[in-house]
2 protein chains.
Amino acid sequence: MFSRIDHIGVAVQELEPALELYGGSMQLTVAHREVVAEQGVEAVLLDVGENHVELLAPLSEDTPVGRFLAKQGPGLHHVAYQVTDIVATLEALGQAGMRMIDEQPRTGIRGSLVAFIHPRSTGGVLTEIVQPAEVH
Amino acid sequence: MFSRIDHIGVAVQELEPALELYGGSMQLTVAHREVVAEQGVEAVLLDVGENHVELLAPLSEDTPVGRFLAKQGPGLHHVAYQVTDIVATLEALGQAGMRMIDEQPRTGIRGSLVAFIHPRSTGGVLTEIVQPAEVH
């Protein structure tokens, strides 16, 4: 069902110091930068082989990532698994009794299709599934 | 420096319900199960392509994962990046000014060599580097 870890999402207060860390000290290559207004973030993707680190800076305090930062500070925010058919995966997860935040796929970063599973169904781990743009 | 995301570590109270979730509903294949006494956990690795999910159940409350669970509940605990030469990577990270929990590699799950970077150097993300056994 899941072909790889697509990315880990990391909540940060400001992108620039995080880019110095991940792009500088850890020597990852920046692949993409985008304001995803629907999710209330400015996001940067860095390559780690075929996986990515997604840095997430909130556009305001009153956004999901803004509230996450206020509650528990910067750190690991979510994990995303890559799939080839997000509609079929959503159906399979639903049949397995998992509760979804998104019943239907929506557009994510870089033209991907994404959906989030509710942390109550995943032992506290905010979990995203991603069908990359090149697949759909 | 990092060739891929080796695994995400997920803190759980009990392994069996987590295995029902990851091995059952999410259809991941269990690759390995091991008590890592030095880290105070029983761990299970599940395959996600060439990446893994590492489920971590504490051997007692007075362990790093036990304290993590008491403080913030189950969820994402750490991320691990795969490297081919952990000694050279530790040296490069140190030269970049990063603070390590482990100055020298130690033995991790499945005979790997591992070291943790301090979350103060990584924006709150507990970060591990892993040289798999087949590489050393």
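Below, the structure is looked at part by part.

### Focus on helix H3 (residues 86-95) of chain A
All of the buried residues in H3(A) are Ile86(A), Thr89(A), Leu90(A) and Leu93(A). Summarising the axial view, the buried residues of H3(A) lie within an arc of 100°, below the 170-degree limit, and thus occupy one face. Of the residues in H3(A), the exposed ones pointing more than 90 degrees away from the buried face are Val87(A), Glu91(A) and Gln95(A). The secondary structure elements touched by the buried residues of H3(A) are strand S7 (113-117) and strand S8 (127-131) of chain A together with helix H1 (15-25) of chain B. Capping the start of H3(A) is the job of one residue whose side-chain oxygen sits 3.2 Å from the backbone nitrogen of Val87(A): Asp85(A). Backbone geometry just downstream of H3(A) places Gly97(A) in the positive-phi region, at approximately 90°.

### Observations regarding the pairing of strand S8 (residues 127-131) of chain B
Residues and elements named next belong to chain B. Most of S8 sits out of view: five of its five residues are buried. Of the two faces of S8, the one carrying Thr127, Ile129 and Gln131 and the one carrying Glu128 and Val130 are both buried. As paired elements, strand S5 (residues 75-82) and S8 share four bridges and run parallel to each other. Residue Val79 lies in a different strand from S8, and its bridge partner there is Thr127. By the bridge criterion, five bridges tie strand S7 (residues 113-117) to S8 in an arrangement that is antiparallel. By the bridge assignment, Phe116 is partnered in S8 with Glu128.

### Quick notes on the pairing of strand S3 (residues 41-48) of chain A
Residues and elements named next belong to chain A. Of all the eight residues making up S3, six are buried; the element is thus mostly covered by neighbouring parts of the structure. The pairing of strand S2 (residues 29-36) with S3 spans seven bridges and is classified as antiparallel. Residue pairing in the sheet places Arg33 in a bridge with Val44 of S3. Here S3 pairs with strand S4 (residues 51-58) via eight bridges, running antiparallel. Bridging from a neighbouring strand, Leu45 pairs with Glu54 of S4.

### Digging into the sheet that holds strand S4 (residues 51-58) of chain B
All names here are of chain B. If you walk across this open sheet you meet the eight strands as S2-S3-S4-S1-S5-S8-S7-S6, and the pairing is mixed. Both outer strands of the open sheet, strand S2 (29-36) and strand S6 (106-107), are each paired with one neighbouring strand and no more. By the bridge criterion, five bridges tie strand S1 (residues 4-11) to S4 in an arrangement that is parallel. Paired with His7 across the two strands is His52, which belongs to S4.

### Let's talk about the packing of aromatic side chains
Residue and element names in this part refer to chain A. As enumerated under the stated definition, the model contains two aromatic pairs over all chains in all. On the basis of an interplanar angle of 0° and a centroid distance of 4.7 Å, the ring pair of Phe2 and Tyr81 is categorised as stacked. Of this pair, Phe2 sits in the segment before strand S1 (4-11) while Tyr81 sits in strand S5 (residues 75-82); the two residues are 79 residues apart in sequence, bridging distant segments of the chain. For the pair Phe2 and Tyr81, a shared accessibility class is recorded, and that class is buried.

### Looking at the relation of the copies chain A and chain B
Once chain A has been moved 0.0 Å along the axis and rotated by 180°, it coincides with chain B to within an RMSD of 0.0 Å. As the rotation angle and translation indicate, the two copies are arranged about a two-fold axis. Across chain A, the rotation axis passes nearest the C-alpha of Leu76(A), at a separation of 3.4 Å. The fraction of interface residues of chain A whose copies in chain B are also interface residues reaches 100%, indicating that both copies meet through the same surface.

Definitions and limits used
- Residues numbered from 1 in each chain as written.
- Chains lettered and ligands numbered in written order.
- Predicted model: local features only at pLDDT ≥ 70, side-chain atom pairs only at ≥ 80, totals over all residues.
- Heavy atoms only, no water.
- Buried < 20%, exposed > 50% of the residue type's maximum accessible area, 1.4 Å probe, protein only.
- Helix = DSSP H or I, 4+ residues; strand = E, 2+ residues; numbered from the N terminus.
- Arc of directions from axis to C-beta.
- Contact = heavy atoms within 4.5 Å.
- Polar contact = N/O pair within 3.5 Å; in protein donor to acceptor, adjacent residues only side chain to side chain.
- Pairing = 2+ DSSP bridges.
- Phe/Tyr/Trp six-rings, centres within 6.5 Å; stacked < 30°, edge-to-face > 60°.
- Least-squares fit on C-alpha atoms with pLDDT ≥ 70 in both.

Everything listed here is a matter of geometry and, on its own, says nothing about what the molecule does.
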